[in-house]
Each structure stands twice: as structure tokens, then as C-alpha cells.
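An overview of the molecular structure
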Amino acid sequence: MLLNDRQYDFFENGITVQDVIEKMNYIYPKLIVKVNDRLIEKQDYANTPLYENDDVKIYHLLAGG
Amino acid sequence: MICIKNIKPYEQIEQEEIERLKAAHVLRARLQYEKKPLFRGYTDKLLYVDLADSKIRIDDIPGQVKEKFIGGKGYCLRYLWDAVTPETRWNSPENAIVMSAGPIGGITQYPGAGKTLVCTISPTTDIPIDSNVGGYFGPFLKFSGFDALELIGKADKDVIIFIDGNKGTISIEEAPLEAGDAHILCEQLTLMYSDDEADRKNVAVVTAGSAADHVNISMLNFSFYDPNRKVVRLKQAGRGGIGRVFRDKRIRALVCKFSGIKADLNKPHNMSILNKTGLKFHREMHDLDGKQNNMRKIGTANIIEVMDAYDLLPTHNFKFGSHKDIDKIKSTVFIEKYLTQGAPDGCWYGCSMACAKAADHFLLKSGPYKGQRVCVDGPEYENAAGLGSNCGVMDAEAILELNFYCDTYGIDTISYGTCTAFAMECYENGILNKERTGGLELTFGNIEADFELIHQMGRGEGFGVIVGMGVKKMKEYFIKKFGADPAFLNDIGMEQKGLEYSEYLSKESLAQQGGYGLTNKGPQHDEAWLIFMDQVNNQIPTFEDKAEALHYFPMFRTWFGLMGLCKLPWNDIVPADNSKTAEPAKVPEHVQNYLDVYEAVTGTKITVDEMIKQSERVYNFQRIFNIRMGKGLRVNDASPYRAMGPVTEEEYLSREERYDKQLRELQGLDPEKMTLREKMDSTRRYRYEQYNRMTDAVYKRRGWTQNGVPTPEKLKELEMELPELLEVVNQVLSN
Ligand code: SF4
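In this report, we go over the structure that sits alongside the text. What you see is a predicted model; the values in this text were computed from it and never measured. (Residues numbered from 1 in each chain as written. Chains lettered and ligands numbered in written order. Predicted model: local features only at pLDDT ≥ 70, side-chain atom pairs only at ≥ 80, totals over all residues. Heavy atoms only, no water.)

**Regarding the site of the ligand**
- The local shell around the ligand consists of Gly112(B), Lys115(B), Asp345(B), Gly346(B), Cys347(B), Cys351(B), Met353(B), Cys355(B), Ala356(B), Cys566(B) and Leu568(B).
- Within the shell around the ligand, the residues separate by chemical class into seven nonpolar, two polar and two charged. (Near = heavy atom within 4 Å. Nonpolar A, V, L, I, M, F, W, Y, C, P; charged D, E, K, R; others polar.)

**A few points about the interface of chain B and chain A**
- Across the boundary between the two partners, chain B contributes 30 residues, which contact 20 residues of chain A.
- A combined buried area of about 2200 Å² lies between chain B and chain A, and 56% of that area is made up of carbon and sulfur atoms.
- Interface area lost by chain B to chain A is led by Tyr310(B), Asn537(B) and Asn538(B), which between them contribute 22%.
- Taken together, the connections running from chain B to chain A amount to one salt bridge.
- Where Glu41(A) meets Lys580(B), a salt bridge forms, and the shortest distance between an N and an O atom there is 3.8 Å.
- Applying the counting rule to chain B against chain A returns nine residue pairs in polar contact (both at pLDDT 80 or more).
- Elements that contribute at least two residues to the side of chain B that touches chain A include exactly α9 (304–309), α19 (531–536) and α21 (568–571) of chain B.
- Counted by class, the side of chain B that touches chain A contains 13 nonpolar, ten polar and seven charged residues. (Contact = heavy atoms within 4.5 Å. Buried area = accessible area lost by both parts, 1.4 Å probe. Salt bridge = Lys/Arg side-chain N within 4 Å of Asp/Glu carboxyl O. Polar contact = N/O pair within 3.5 Å; in protein donor to acceptor, adjacent residues only side chain to side chain. Helix = DSSP H or I, 4+ residues; strand = E, 2+ residues; numbered from the N terminus.)

**Observations concerning the sheet that holds strand β7 (residues 148–152) of chain B**
Residue and element names in this part refer to chain B.
- Pairing is mixed in the open sheet, where six strands are placed in the order β3-β2-β7-β4-β5-β6. Edge positions in the open sheet fall to β3 (55–60) and β6 (128–133), since each of these has one partner strand only. Ignoring which end each strand starts from, the neighbouring axes of this sheet average 15° apart.
- The pairing of strand β4 (residues 97–100) with β7 spans four bridges and is antiparallel. (Pairing = 2+ DSSP bridges. Axes fitted to C-alpha atoms, helices over the stretch in contact; angles between N-to-C directions.)

**Quick word on the environment of Asn13(A)**
- Within the fold, Asn13(A) resides in the loop between β2 (6–7) and α1 (17–23).
- Measuring from C-alpha to C-alpha, the distance between Asn13(A) and Pro29(A) comes to 26 Å, with 16 residues separating the pair along the chain.

**As for a negative patch on the surface**
Residue and element names in this part refer to chain B.
- Among the surface-exposed residues, Glu11, Glu14, Glu16 and Glu19 lie close enough to one another that they form a single negatively charged patch.
- Structurally, Glu11 can be placed in the segment before α1 (15–23).
- Look at Glu11 and you get exposed, because its relative accessible area is 75%. (Patch = residues over 30% accessible without salt bridge, like charges linked within 9 Å, V, L, I, M, F, W, Y side chains within 5 Å. Areas by Shrake-Rupley, 256 points an atom, 1.4 Å probe, with all protein chains shown as cover. Lys, Arg positive; Asp, Glu negative; His and termini not counted. Charge placed at Lys NZ, Arg CZ, Asp CG, Glu CD. Buried < 20%, exposed > 50% of the residue type's maximum accessible area, 1.4 Å probe, protein only.)

In short, the description is geometric, and any link to function would need to be established separately.
Laid out in C-alpha cells, this is it:
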């Protein structure tokens, strides 16, 4: 699975966007999630399944400090 | 959780004591002036004070200065350039401290509009330093009739400069008896110069603190009176030792009094756009802050545990990015146990982001105020990381205590944290020992030694004064006095251009290494914070992408400094549909808000490109200013290796899997066949090379030569072909 244009090998059947966020320990609240260019809203993270060749983008919106 | 409704008012200093202090004042000079009304954000006047002969003058700001330098940091740098020569050092009499709020500064409709920019030649970098600070002084100064204030010369006794913006008077008064520590001094002066309790909010004080007489890493406190708590609050112009210059001039304080704050004081061009844009933002803040960054509950400290989770929280002098005891200092600890909730904690009127949090009636355990209960401003993220994890101090109360003493002594929390962490690592490596530190066991996490160190800075004694010189001078001192290995100290000493690094781990983000290293004043993150875009999101993978980000963001963020704006409302909250925009990281709707606000105040419509150009002019001016002062070239943009990669075996081994993977994937090497030393050397070579290639790309994007010099063509493009700039540029290009 491609996450932010990097190959990860943790794909397994039934994995969801929410699972990936947890696996990566993405605890920052302002995320923008796109799967194959489709924007996924926060309420849909847990019910959006991912497939092996999906192109997943999880962008953290912090350009701050 | 502590709520503002339950906060008891603080005790006040007795009036008799105030009378005693005031009676000792001796008037040195007084000027009555006719106030020029503001028009579209400007008065076009500069207040000039020469401390040496107590001269007070009001100058016109020429149209050309306004056109090219806009205000705020632009004005500060322009007037600083004119005051100094290449030989000027921080303690030269001609060194100036210049302050300016910028044209948008002082509006109350849009959040974050009360910032003052301050510039001087820094004691730690020998080049201009700029700092952006809240509190009421800058807006009050402007409403008193001045777009900027320039202070030069040195007084022979401690003085206060008092501006009464309503009466139209400026006076210089000898002030022999006032306190040195900021929390007391600001209260003394707030009481002294106000008529009654209701008038206290109309008095703004600028002061340093007692350590500013002794250490280079000292800052300026800017006050505002908090009527809810009945206490004076302090915000800091922290970086680069401005407090040291202030005290060297024997200025005890600046006081500006102004009553009558209202919405139209800037005489804006279009009040209705201003109101509409502000209202839209306030609604966003109300609806979304709880779901996003919780700025109103905790302020910038919301990211303590976030940085830890992403391996970005500096621990033990930037060796590592996380700490096993993070739970002891995470934001919820501060929210639940210490920071008062429900208060309108804005550091200027109208800031609905209200992130200036405070811990009320905090009981001090050490130092001259031991046993007293005080109001602690903060902690901000930088304080928690710098005073806390970076020194191994995983204790919320110790962080608050150090935060309080940094503020009242006038010490920059970031530099204090980075300097102390450096000294601690030197101690743990045997470069320092108890004999050399005068008995301080400066190991990571030793709170007692940390407390003693800060009090030594306050008193101007012992090893505290050595640490307070800053990392650069400490390195020189340890090499000379103790025979320390220069290569090791240069690797682990987290300073660049003489300024200590702020509190983010940049090892795994090449772009952020540039965000720190390729800056004008030194490694402060206010030019660019690109770690997530680069390291986590992987949005700027090529050198050209990074160069574009290291052009756009520093220029965009410079604009806040020209205007008198706070950066936080730009992106510490974003509109609900921001994710649907083409470039969410830029927060396009908020950028448009700023263009609208600019037009509403000044009457001039500009585009994003013009906004960037305004900044580029000042940014390039500052770069050339650095060159004029003998720095500002490629050699000065090199970074300590600790900012770029693992210096020690301990660091490499702690993230061995990551580094080994990089050797395989990025360099095509087989770590199984390499010794640890070989792996570390290859990593280092690779990272230096990457930094160099990125530097090439950034200089090209910025229109600079490969030595980091803005070209005459670039100056032409920016309409900045000023003879004094061309002279510096042509001289360095011909060498
Ligand atoms: S966002 Fe925070 S720091 Fe910025 S102006 Fe508002 S209260 Fe002050």
C-alpha cells in the first residue's frame, strides 16, 4: 500500500483508514485523508476499507510552530 | 480544572511603596508634542530617543521608507541599518533598539493584531535580531502617535521613558529604586502611572529583568494588565538577547499610557470589510477550535505530546525525539492541574484565539520568591520542550517554575533550555564536572541544579553567567579553558549564527534543517516550520519542492512581522473546508482574509504575489544587512550536525532500524556488512551532501548566488536598488 507516496508493507485484508491512522500513531487532530484522490471525512475513517493497491494520502496540516 | 471564576485576585503592592519609588524619580527631559492622528494605519512619525544626552525627537518617516519597508520589522531594520556601522557591536552606544507595530497593528476586529516587532544588533549573533511580541506597548505607542520608536545611546543611570499618549508628553526619568525583576517592576509601574484601578489596563510596560545585567540570552517583557485576575501579565520578545542591549543602555523600563481603545483608531479605509472578516474568523474559532488545536484551552502547548509521538520533541539536548515520561508533561497535565480555563486570554484586544494561558497562584519552591504564589504566563510549547524534555526535566511544576523565573529575570526560555541542555550534555561527557561548575551537578533531569543555575543568572553569579553567554560563547570557553574537543562541541552545540535552536528535532526533515539553517537571524522556527509537510506528509520530496517551500513560507511569514500580526491565527485553526482547497498547507482562505484586512486598513488592494514581494524586499534587505555585518554568506548557513543527524553512537543505536533502512534505500549500502562507525560516517556524509544540494536549490529560488548573496538583478526585480545595498552586494561579489 502506498501511504504518502511511500511503500508500506502492513497491508492486510479489512484494514481501514482508521486502522492505518492508529498503526502510524497519527495522533495529530488536523488530518486530511484522501484515498485514490477521494477526500475521506473524519466520520468515515473507520468504515473506509483499504485495498492493496490504494494510494493513501494522510496529510498533517501543521505548518506552524 | 481551575476556572477563572474561582480565581482570587492577586494582592497589590501598597500605595505607599509606589509613592516612595516615585518620589525618587528625577526628571531628565520632557517633550510636549502634538499628536498626529492616524490615517489608514499610519502616523508616519518616528519617536527617537538618545539616552546619552536625554534627547527626544520626533521625525517624519519618508514616503520611500513606507513604500519599501511597510512597517513593523521593515521599519525596525531600516532604522537600525541607518544607526549602525559594520563595526557596531551589541554594546556600542550607536546600537539601536527599534520597535514598530506595523500598519495593521492595533486593530481589534481581526485576531492577533497587537504585535510589536523589535530589532537590535544581537549580543549572541552580532547581526540584526528580530523578535515579535504581544502585550499592549506597540499598539499604545502607535495610538500615541508613533509608527516606530528608536532608542540609541546609553544613559549613565537607570531611567524610565514614559510616553503619555493622551496628554502628548514624553519624559525621561531617573528611576533609582524600582525592582529589577519584571513581575514586580511591571506591577510597580502599572500602579505608578495609572490613575486608579480602572486605568491600569491603559498602562503598558516594557522591561527586561535582573539577569539582563549579566547574561546575553536575555529578553524583553511586554506587559498588559489583566483585569480579570487583577495582575500584570508578561509576553516576551525572546530571541537574541535584546534585553541585554536594553539594560546596557541603562533603560529600566519603557512605559506607554493610552486610554480610549476603540475599533476605528487606525482610521481604516473600510470598516465594514474589517468587521466582516473579523466576524467570520471569530465564528470559525468558536465552532472549530475544540475539534482542532484547543488553542483556547492550552495555547501552543497542545502539541507537546504530538511532537513526542512523531519523534520530534527534543530530549537531552536534541539527541532524541521522544521521552518515556512524556505523560508527566503532556498538555492535559497542564490543562487539568495548572492552567486557568475560561479566561479571555488574548494578548491584545479582540484576539478570540486567546492562547495566552496562565497558571494562577502557582506556589514557588525556590529562589528569592520561594513560598510566594504567583501568576505564571505559559507554558508555551517551546517552554515545555526547552525547559522540560530537552533538559530531561519531565516535571510540570519544575517547568512552570523555570518558566516563571525566566520571565521575571528576563531570560529567553528557548535559549535557556538549549544552553542548559548543552551544558548538561557536556557534564555527562566529562567536559564539565562539579569543580568546573562550582558545585552544580548538571546531569539531565537534575531539577535542583537547574533551579540553582537560573538563580545564578538572576544574581549574576557563578556558572550561571557562563551558561548565560549562550551556546556559541560557551563552546569557545570550554575549548579554551577545559581543552574540550572543538569538533564534538560544534556537533552538539545547538546554535547557528550564535542563536540557540528553538525546540524541534529537525534530523529527519531536510526541509526543516533548511527552515532553521537558511534563515536570516538564526535557527528560530518563525520563518518556516516544514517538518510535517516534509517528513510525515512527503509533500515536498525534491530539492526544488523544498526550495519552493523555503521561499514561500519564510516570505509569507515575514509579512506578519511587517504588519504587527501574530502568526498563530493563520494556521492554528483552519476553515472547515480547508482540506478541499488546492493548497491546504497555505490555508488560502486565511491568506485572503489578510489581503482583505490589509486593504480594509490601508486602502491598498494587493495580491498574494505583491504580498510576497513586500516581504521579499525586507527579507533581502536583512540578508544584505547580515553581509554588511560580516555574516550572511553560505558559510554562515552551515548547521551543527546534531540538527542533521545522529552525532553519537547512542543516538544512532536508539533509531538503528531507521538509519540502517536509510542506508539501504537511499544509499544502496548493506548495513549488515558495515561497522557502526562506518554506518554513522556514511549517514553523515549523505546528510551533509543533501543539505548542500538543498542549499543550492534554495539560493537559486531566492535569487541569490551560490554564496548566498542577493544579486543586483534580484534587487532590480524587487525595486530595491538602493545604493547602500548595491555597495555591499557589489563589494562581496567582486571579492
Ligand atoms: S493568538 Fe495568542 S499569541 Fe497570538 S495574539 Fe492571540 S493571544 Fe496573543
